[in-house]
Structure formats: C-alpha cells, structure tokens
Amino acid sequence: MTANSSTAAAPPAQELAITRHTFDEVMVPCFSPAQVLPVRGAGSRVWDQAGREYIDFAAGVAVTALGHCHPLMVHALAEQAGRLWHISNWFTNEPALRLARHLVEHTFADKVFFCNSGAEANEAALKLARKYAADHHGPQKNGIVSSLHSFHGRTLFTVTAGGTERYRQGFGPLPSNVQHVPYNDIGALEAAVGPDTCAVILEPVQGEGGVNPGRAEFLQAARALCDRHGALLVLDEIQTGMGRTGTLFNHEQKGFVPDILTSAKGLGGGFPIGAMLTTSAIAVSFSPGTHGTTFGGNPLAAAVAAAVLQVVATPQLLSGVRSRAARLTEGLRELGLRHRMFKEVRGEGLLIGCELNPDFAGRAADFMAAGSDAGIFFLMAGTSVLRFVPALNIPDSDIDEGLARLDRALGQLRS
Ligand SMILES: *Cc1c(COP(=O)(O)O)cnc(C)c1O
C-alpha cells in the first residue's frame, strides 16, 4: 500500500445540492444569470431543474446554430472522443485540417488560424494586422479604426477595439492608437483612416451594440479606404457568420471581401472554437513563433465544427434561415404593433432586434425575466433592445409557440 492510499481522504461529504444560489456562493460575479437553471436541451427547447420547458430564441447567444444536441454534432463529438482529444499544435490533426479545408473552400480565404473564442480570433486578427503593417510599412503604421457601439470581445486589446467605453474603464493602461467612428458614417470613416492606419475592424451588423445593420455602401467605403491607405479590413463575423443572416457569411450579401474574417459563436454549434481566416499573402506575417495557442484547433472542437459547417453551408439550411427570419420578424412586428411596445423591429436574417418604445426604454432585462416566466428565452442588446437569435433550424411550430409565449409576457409587462 502506498502512503497515499493508506491516508485515505475524509469520507465523501454529502453532495450539496446545486442550485441557482450556488452561483452566488462560488462564482466570480461578473454575470448575473437568470433565476432558472437549465439542465437539458433538444432542438429549440430547453428544460430547467424543475422540469419546466422553454422555447429558446437565445441559442446561447447565437451559438447553438443547429439547436441543442443535434444528432450529427453528438455523433461527431462522441466519435472523436473515442479517438483523440488533444495533441497541441506541436502536431497537427485531421479534424482541424479537414475543417480548415472546408472553411477555405467556402470563403475568400486561403488560410485559417484556430483558437477557442471570438475574442481570441479578433485578438489574432488585430495582432496580425499590426504585424503585417510592421513587416511591409514600418512600426509607425499601427492605427486601428473601429466603430462606436461595436463589440469585439473582452481581452484588453479587443475591449479597446470595442466601442463601449464602460467595458474599458478601470483596466488601463490600454493598447494605444485605437479610435472609434460612428457606425455607418462614411464621412467619419474617411476622416479617420489615413496612412498610419493598419486596420479597420467592423461587424457587418452590430450585434451586441443593438442589432444595427451595416449599410453595404458603408462597408464598401471601408474596403476602398483600406485599399487606398494600405490598411487591412478586419471583418468580425463572429455573430453574423455561419449562416446567421441567410448566407454563410454576411459580407457575401454586401458586395465586398475583407482581408481578415473572424468567426466563432455558431462555428462550433456550442463547442468552443474560434477561427481567423485570411489570404496567403497576409498569413505569412504570422511565421512560426509569432503567435500561438495551446488549445486552438483542438480535435474535439474541430470535429464538431466540421459537422456544423456541413449542415450550415447548404442551400436548404440557408434558404430556411431566410424563411424563418421572415416568419419571426413578421410575428414580432405584429406583437410590437398590438402591444405598442416596440419602436422598431430590425436586423438581418435570424439576428433580430426589437427596440423598445421610450415608455419601456432601459427595461430590456425586465422583458427577459418576464419571458423566462412565460417559457421563452431571448436576449438583450443594450438595455433597450430585445434580441432574438434562435437556432437556424428552429421549427416553424417553435417560432409560433415562442411568439405566443412572448405575447403573454408582453401582456404581463403592460399590466
Ligand atoms: C460574441 C462576440 C465576440 C466575442 O466572442 P467571445 O467568444 O465571447 O470571446 C466578438 N465579436 C462579436 C461580434 C461577438 O458577437
């Protein structure tokens, strides 16, 4: 017997019940999760600890693109789980290479870098843009132009690129030479981009910032300004990509091609993965040793993402997004009119925002809570916009049932 096994640990403590209250006891309080605690999901339905069922119009913040526990994803994960979990980037692996090949086939890109989240994908993109500029033009060309109300992640660099001042407060000193212009303002962009700009970073639809669709002319102007000044256009498609707006990536609908594209959220359908896509000419600025990751390209994540991409990058799924979007948008417009609660219903594809009337401004969190009470999950985008980002394959019957429950929630809030 070893010393360890003879000094047996204390008898197993009575396992304490896990409840929503446990969050307040043991979790860093940077979130304030809903009172209900989901334990299971299937398709666009979720069940909580008490066995109550919910329609899911939130999809884990536009992540569970194929709904919960899609059989192809479950199969891909289980299959890979019995084969190889992790090998690091000291080796490459088949699932990552397969996924990269599919991404390259379906996009403008020649090369892919994998990571584990959206912020990491944008972090890589911004570092690459600075490195590329340093390689080709010199270190003075390091300016980054972003937009107000944009969201690019929570690392120090990406939170600096993001257009929400509050998210940066208290974290200084911040990376320097990053400026923000009003979104969709071509004149402001022209004034900001110059010879010392290395990158312009934009979302083609601002998600977190309130569901603000980017105008094609604005995005094309950004493309032209980048070309004129030798800057790279970084397109953050973390929320808009992977079929969310009815094409694999949103820029396909807006007549321009970026230099670097970032993807995450829906890419893994619920398994954490991020990707940065770019051209061969730009990719070479990341030579071995300049950037890296331990987990990026993990075989489990890549195997699941390949299964997701196989379903999403099909005409059936993408046209289905457009018809579901029309159904949901129409239903939301009808509810907004009847309850006189929405100032505007806007968005692209299944990324839909309902801006609350002045009477209800600032109360989006109350709507989410009332929704949860009525058996429907959705999100907010700022305090005055309700955000609906269901699974891309949500059945029409779940859309209708979700709208009926939302109708009840809105009635509750009005009274
Ligand atoms: C969610 C999001 C991010 C950050 O992704 P994380 O995985 O949370 O790091 C970045 N950009 C956009 C547009 C997003 O919606």
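Note: the structure precedes this text.
In short, a report on the structure. Nothing here was measured: the structure is a model prediction, and the numbers come from that model. (Residues numbered from 1 in each chain as written. Predicted model: local features only at pLDDT ≥ 70, side-chain atom pairs only at ≥ 80, totals over all residues. Heavy atoms only, no water.)

**Some thoughts on the sheet that holds strand β14 (residues 351-356)**
Remark on secondary structure: sheet strands pair via backbone hydrogen bonds, oriented parallel or antiparallel. Taken together, the four strands give an open sheet; going across it, the order is β13-β14-β17-β16, and neighbouring strands pair in antiparallel fashion. The open sheet has two edge strands, β13 (342-348) and β16 (379-380), and neither has a second partner. Bridge count for β14 against strand β17 (residues 385-388) is four bridges, and the pairing is antiparallel. Within β17, the position partnered with Gly353 by the bridge is Arg387. (Pairing = 2+ DSSP bridges. Helix = DSSP H or I, 4+ residues; strand = E, 2+ residues; numbered from the N terminus.)

**A word on the site of the ligand**
Around the ligand, 13 residues are found, and the nearest of them are Gly118, Ala119, Asp236, Gln239 and Lys265. Here an oxygen atom of the ligand sits 2.8 Å away from a polar atom, N or O, in the main chain of Gly118. One of the backbone nitrogen or oxygen atoms of Ala119 is found 2.7 Å away from an oxygen atom of the ligand. Computed on the free molecule, the ligand has an accessible area of 390 Å², of which 82% lies beneath the protein chains in the complex. The leading source of residues in the shell around the ligand is helix α6 (residues 118-136), at three residues. Considered class by class, the residues forming the shell around the ligand number three nonpolar, six polar and four charged. (Near = heavy atom within 4 Å. Polar contact = N/O pair within 3.5 Å; in protein donor to acceptor, adjacent residues only side chain to side chain. Areas by Shrake-Rupley, 256 points an atom, 1.4 Å probe, with all protein chains shown as cover. Nonpolar A, V, L, I, M, F, W, Y, C, P; charged D, E, K, R; others polar.)

**Here we look at the pairing of strand β11 (residues 260-263)**
Every regular strand shows the same layout, with side chains that alternate between the two sheet faces. Because side chains alternate across β11, one face comprises the buried residues Ile260 and Thr262, and the other comprises Leu261 and Ser263, equally buried. When strand β10 (residues 232-236) meets β11, the two strands line up parallel, connected through three bridges. Residue pairing in the sheet places Leu235 in a bridge with Leu261 of β11. The pairing of β11 with strand β12 (residues 274-278) spans four bridges and is classified as antiparallel. What sits directly across from Ile260, in β12, is Thr278. (Buried < 20%, exposed > 50% of the residue type's maximum accessible area, 1.4 Å probe, protein only.)

**A look at the pairing of strand β3 (residues 53-56)**
As judged from the three bridges shared by strand β2 (residues 45-48) and β3, these two strands associate in the antiparallel manner. Bridged to Arg45 within β3 is Ile55. The hairpin turn running from β2 into β3, its antiparallel successor, is four residues long, and Gly51 in that turn takes a positive phi close to 85°.

**Observations regarding the nonpolar core**
Formed by 61 residues in total, the largest nonpolar core has its most connected members in Leu99, Val312, Leu328, Leu332, Phe367, Leu386 and Phe388. Top element by residues in this core is helix α11 (residues 299-312). It accounts for nine residues. The contact partners of Leu332, leaving out residues within four places of it in the chain, are Phe342, Val345, Ile352, Cys354, Phe388, Leu403 and Leu406. Membership of the second largest hydrophobic core comes to 23 residues, among which are Cys115, Ile201, Val234 and Phe286. (Core = buried A, V, L, I, M, F, W, Y, C linked by side-chain atoms within 4.5 Å. Contact = heavy atoms within 4.5 Å.)

**Regarding α6**
Over its 19 residues, α6 runs 27 Å from end to end, which matches the ideal 27 Å to within 8%, given 1.5 Å per residue. Residues Gly118, Ala119, Ala121, Asn122, Glu123, Ala124, Ala125, Leu126, Leu128, Ala129, Tyr132 and Ala133 constitute the buried set of α6. Count one or two residues on from α6 and you reach Gly138, which has phi positive near 110°. (Expected span 1.5 Å × (residues − 1).)

**Focus: the sheet that holds strand β4 (residues 111-115)**
In space, the seven strands of this open sheet follow the order β4-β12-β11-β10-β7-β5-β6, with mixed pairing throughout. Every other strand in the sheet has two partners, leaving β4 and β6 (178-181) as the edge strands with one partner each. Taken over all neighbouring pairs, the strand axes of this sheet differ in orientation by 20° on average, direction set aside. Note: strand β5 (residues 143-147) against strand β7 (residues 197-202), three bridges, orientation parallel. Of the residues in β7, the one forming a bridge with Ile144 is Ala199. On top of the sheet, α6 reaches β4, β5, β6, β7, β10, β11 and β12; it is set at about 165° to β11, its chief contact. (Axes fitted to C-alpha atoms, helices over the stretch in contact; angles between N-to-C directions.)

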